[in-house]
Amino acid sequence: YTRYSFWFISLLVQCTVNIIFDRVGKVDPVTRGLSIVVNWLGMQLDVVFWSQHVSFILVGIIVITSVRGLLIALTKFFYAIASTKSSNIIVLCLAEIMGMYFVSSVLLMRMNMPVEYRAIITEVLGELEFSFYHRWFDVIFLVSALSSIGFLYLAHQHSPEKKMLS
């Protein structure tokens with residue numbers, strides 16, 4: 001939990017800085033992190049070469065696991081509301097949601113990729129205002145995270161174990 005908490009806090013700080021200063025990252029986190037580690041350890045390593053491979057693997061893992069999580073949630077939802085008459089419509093709606101979710105995942109993962117791969121995604125998706133979407137992602141993430149922290153704090157304050165100890 002400690003590593004996850006550190007990552008989460010650093011992500012909250014990064015989103016806050018992005019929102020306050022209207023900043024869009026120029027260097028992907030893998031390249032930045034790898035160059036810091038290489039400089040700190042004094043190693044001789046081709047950071048550009050390795051950051052491309054590590055970024056590709058990490059983005060693949062993130063996209064696959066997030067799509068897997070969405071599919072699991074949608075399957076549970078489908079079983080809860082499906083009937084013989086509504087199954088075709090539900091399948092079409094779920095396919096539409098899945099397509100939008102995949103495109104939005106690729107769009108948001110674009111910032112975690114090296115610059116040359118960002119250009120490829122930009123070419124495929126067309127001329128979109130990527131900074132607009134990344135800013136709104138940061139805003140929505142920050143509001144969601146702070147709301148979750150608040151709700152978890154309130155739930156912990158009102159938990160039965162806490163009342164039994166008092």
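Peer 1: Teacher, can you tell me more about the overall build of the protein here?
Peer 2: Scanning the protein from N- to C-terminus turns up seven helices and zero strands. Along its sequence from the N terminus, the protein presents helices and strands in the succession α-α-α-α-α-α-α. The buried share of the protein, taken over its 166 residues, is 22%. When the accessible surface of the protein is split by element, carbon and sulfur atoms take 71% of a total near 12600 Å².

Peer 1: Explanation requested: the pattern of salt bridges in the structure shown.
Peer 2: Side chains that differ in sign of charge can pair as their charged atoms come close. If you walk through the whole model with that rule in mind, you get one salt bridge. Measuring nitrogen to oxygen at the nearest pair gives 3.6 Å for the salt bridge that ties Arg135 to Asp22. Placement of the pair is Arg135 in helix α6 (residues 130-157) and Asp22 in the loop between α1 (2-20) and α2 (29-41), with a sequence separation of 113 residues. Overall, Arg135 belongs to the partly exposed group, its relative accessible area being 34%.

Peer 1: Could you clarify how one ought to interpret the side chain of Ser51 in this entry?
Peer 2: As for its position among the elements, Ser51 is in helix α3 (residues 47-81). With a relative accessible area of 2%, Ser51 lands in the buried category. Contact partners of Ser51, with chain neighbours within four places excluded, come to Val30, Thr31 and Leu34.

Peer 1: What is the right way to look at the nonpolar core in this model?
Peer 2: Most often, soluble globular proteins have nonpolar side chains that are buried together. Membership of the largest hydrophobic core is limited to nine residues, which are Val59, Val63, Val67, Leu70, Leu74, Ile90, Leu94, Met98 and Met109. For this core, the secondary-structure elements that each account for two or more residues are α3 and α4 (87-109). If we ignore the near neighbours within four places in the chain, the residues touching Val63 are Phe102 and Met109. In this structure, Ile19, Phe141, Leu142 and Ala145 belong to the second largest nonpolar core, which totals six residues.

Peer 1: Whenever I open this one, the packing of α3 against α4 confuses me. Can you help?
Peer 2: Axis angle and axis distance: for two packed helices, these are the angle between their axes and the distance between the axes, and together they describe the pair. Packing of α3 against α4 leaves a shortest axis separation of 11 Å and a crossing angle of 160°. On the basis of their axis angle, the class for α3 and α4 is roughly antiparallel. Where α3 crosses over α4, the handedness of that crossing is right-handed. Across the interface between the two elements, Val59, Ile62, Val63, Ser66, Val67, Leu70, Leu71, Leu74, Phe77, Phe78 and Ile81 from α3 touch Ser87, Ile90, Val91, Leu94, Ile97, Met98, Tyr101, Phe102, Ser105 and Met109 from α4. In terms of residue class, the contact of α3 with α4 is built from 18 nonpolar, three polar and no charged.

Peer 1: Just checking my understanding: could you explain the packing of aromatic side chains for this structure?
Peer 2: How two aromatic rings sit relative to each other is given by the distance of their centres and the angle of their planes. Within this structure, the stated rule accounts for two aromatic pairs. A centroid spacing of 5.2 Å and a plane angle of 85° characterise the contact between Phe49 and Trp50, whose relative ring orientation is edge-to-face. Phe49 gets classed as partly exposed once you look at its relative accessible area, which sits at 38%.

The rules we used
- Residues numbered from 1 in each chain as written.
- Predicted model: local features only at pLDDT ≥ 70, side-chain atom pairs only at ≥ 80, totals over all residues.
- Heavy atoms only, no water.
- Helix = DSSP H or I, 4+ residues; strand = E, 2+ residues; numbered from the N terminus.
- Buried < 20%, exposed > 50% of the residue type's maximum accessible area, 1.4 Å probe, protein only.
- Areas by Shrake-Rupley, 256 points an atom, 1.4 Å probe, with all protein chains shown as cover.
- Salt bridge = Lys/Arg side-chain N within 4 Å of Asp/Glu carboxyl O.
- Contact = heavy atoms within 4.5 Å.
- Core = buried A, V, L, I, M, F, W, Y, C linked by side-chain atoms within 4.5 Å.
- Axes fitted to C-alpha atoms, helices over the stretch in contact; angles between N-to-C directions.
- Parallel < 35°, antiparallel > 145°, perpendicular 65-115°, else oblique.
- Left-handed = near helix turned anticlockwise from the far one by under 90°.
- Nonpolar A, V, L, I, M, F, W, Y, C, P; charged D, E, K, R; others polar.
- Phe/Tyr/Trp six-rings, centres within 6.5 Å; stacked < 30°, edge-to-face > 60°.

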